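So you can see what is in the structure, the chains are spelled out below.
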Amino acid sequence: MSVWNDLVGQEPVVAQLSAAAEGTGGLAHAWLFTGPPGSGRVAGARAFAAALQCAETPRGCGHCASCHQVLQGTHADVEVVRPAGLSYGVKETRALVLRAASSPSMGRWQVVLFEDADRATEAAANALLKAIEEPPPRTVWLLCTPSPDDLLVTIRSRCRLVTLRTPPIDAVADVLVLRDGVDRDTADVVARAAQGHISRARRLATDPEARRRRAEVLEVPRRLTSVGPAVMAAEALVKAAEAEAKAQAEELNETETSALRQALGESAKGRMPRGTAGALKDLEDRQKSRATRVKRDALDRTLLDLASYYRDVLTLQLGAGSDLVNTELGPELRTAAQNGRPEDTLNRLDAIMACRERLEANVNPLLAVEALTLALRTG
C-alpha cells in the first residue's frame, strides 16, 4: 500500500509529487493543488505531506509510523487547516503563520495543509502572502483551491502548481469494486452519477439513503406541471439537500469528537479528565459554524445532480453521442428530448447555474430554488 493509492487516475501528479518528495524533482516551499470537485486535491496534498515526512525509501511508503500519523491527522508536524465557516479570517491566519514558523519537532518538515484556501478573506490572504514570501527553511505550505484564479496572483506566483483532473469514470468504478467491494453494475452507475467525484460515488454506492435522495432530485423535472407543484418541488430540493448535509455533518462530527475525546484521555467508562471541557466546547462551536457551509455545499451538489438531467436531455437533442450520466432514466430522457427544444434545455441549464450563483451570494435558499423551479417549468 502507498500513500498515493487514493489519487485515482492522477498518474502525472503522482509522478510529479513523488519526484519532489524524493528530492529529484525540486522541492518548492509552497504548492498549490487545484482541480474540480472530486478530483482529489486534498487527498493529493495529504499524500504529499505523508511522503515529505516518510522515513522510508521510496518516500510515501504508506506503512511507516510517519505515513500513518499524517494520513490519520495526528502527526505533530503536519497542521491541517479546514475553514469551518464560509470564510477564514485574518486572526486565524496570523495564528497559523506563527504555528508554521516553528521548527519540526519529529518530522523532516513543518507542513501546513490549507484546505479550501480560497475561503481566506482579503486580509487573511495578504497575511498568508507574507508568510509564503519569507518562509522558514523547514516549512512547506500546501494550499488547495478549485482553481488558481481563486487566490491572489501574488500567492499563485510563489507556489508550484499541481493540477488534478476529474478521474475517469472507469477508474472510479474500479476503485469501488476493488477497495469497497461494490458490485460492478452498481459501481458503474454511481460512478457516472457522481461524474468522477470519488467520495460522492462511494457515498452513493454504500448509502441507500443517499441514492434515494438523488432519485428524488431527478424526479423534479417531471413534477413541474404548474406553479403549485413547482413551488413544492423547490421545497423538496432544499429538504433533500438539508438531509444530505445533516447526514454528512453528523458523520464528520462523530469522527472528530471521538478522536478529540481519545486524544484528551477519555476513560474506558467515558469520563473526561478535568480541564478538557473547553477543548470540547471549542470543537462543538467549530462544528456549528461549519454546518452552514456543509448545507450550502450539499444544495450545490443537488443542483448539479439536477443539471445532469438536463445535460443528458441536451446530449440527446443534439445527437452528441456522449454517454448519458443517468443511464437508468434512458427512456424518460429520450421522451423529454423529443418533446422539447435544445434552446429551452439550454435556458434551464442557465437557470440552474444562475441559482448556484445566487446561493453563493447568500440569497435565501428556498427563495432561490423556488425561482429556479418556476424557470425550469417554463423553459
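The rules we used
- Residues numbered from 1 in each chain as written.
- Predicted model: local features only at pLDDT ≥ 70, side-chain atom pairs only at ≥ 80, totals over all residues.
- Heavy atoms only, no water.
- Helix = DSSP H or I, 4+ residues; strand = E, 2+ residues; numbered from the N terminus.
- Buried < 20%, exposed > 50% of the residue type's maximum accessible area, 1.4 Å probe, protein only.
- Core = buried A, V, L, I, M, F, W, Y, C linked by side-chain atoms within 4.5 Å.
- Contact = heavy atoms within 4.5 Å.
- Phe/Tyr/Trp six-rings, centres within 6.5 Å; stacked < 30°, edge-to-face > 60°.
- Lys NZ or Arg CZ within 6 Å of the ring centre and 35° of its normal.

Colleague: I'd like a description of the environment of threonine 57, backed by residues and values.
Modeller: Structurally, threonine 57 is set in the loop between helix H2 (41-53) and helix H3 (65-72). By relative accessible area, threonine 57 is classed as exposed at 71%.

Colleague: Got a sec to walk through the nonpolar core? Specific residues and values, please.
Modeller: Ranked by internal contacts, the top residues of the largest apolar core, which has 35 residues, are Leu306, Tyr310, Ile352 and Leu372. Looking at this core, the elements with two or more residues in it are helix H10 (208-218), helix H12 (227-263), helix H13 (277-318), helix H14 (330-338), helix H15 (342-360) and helix H16 (365-378). Looking at this core element by element, the count peaks at 10 residues for H13. Not counting residues within four places of it along the chain, the set of residues in contact with isoleucine 352 comprises Leu303, Leu306, Ala307, Tyr310, Leu372 and Leu376. Formed by 32 residues, the second largest nonpolar core is a distinct cluster that contains Phe48, Ala49, Ala51 and Cys64.

Colleague: Could you give me a rundown of unusual backbone geometry, with the residues and numbers involved?
Modeller: At the junction of threonine 57 and proline 58, the peptide bond is cis and its omega measures out at 0° in the coordinates. Note on placement: proline 58 falls in the loop between H2 and H3. A positive phi angle is found at glutamine 195, which is not glycine, with a value near 55°. One can find glutamine 195 in the loop between helix H8 (184-193) and helix H9 (198-206).

Colleague: Please set out the packing of aromatic side chains residue by residue, giving values where relevant.
Modeller: The final tally for this structure, using the stated rule, is four aromatic pairs. Ring centres of tyrosine 309 and tyrosine 310 lie 5.3 Å apart, and the angle between their planes is 75°; this geometry places the pair in the edge-to-face category. Residue tyrosine 309 is classed as buried on the basis of its relative accessible area, which comes to 4%. Overall, tyrosine 310 belongs to the buried group, its relative accessible area being 5%. In textbook terms, an aromatic cluster arises when at least three aromatic residues are bridged by ring pairs, as seen for Trp31, Phe33 and Phe48. Taking the ring centre of tryptophan 109 as reference, the NZ or CZ of arginine 138 above it sits at 4.0 Å.

Keep in mind these numbers describe shape, not what the thing actually does.
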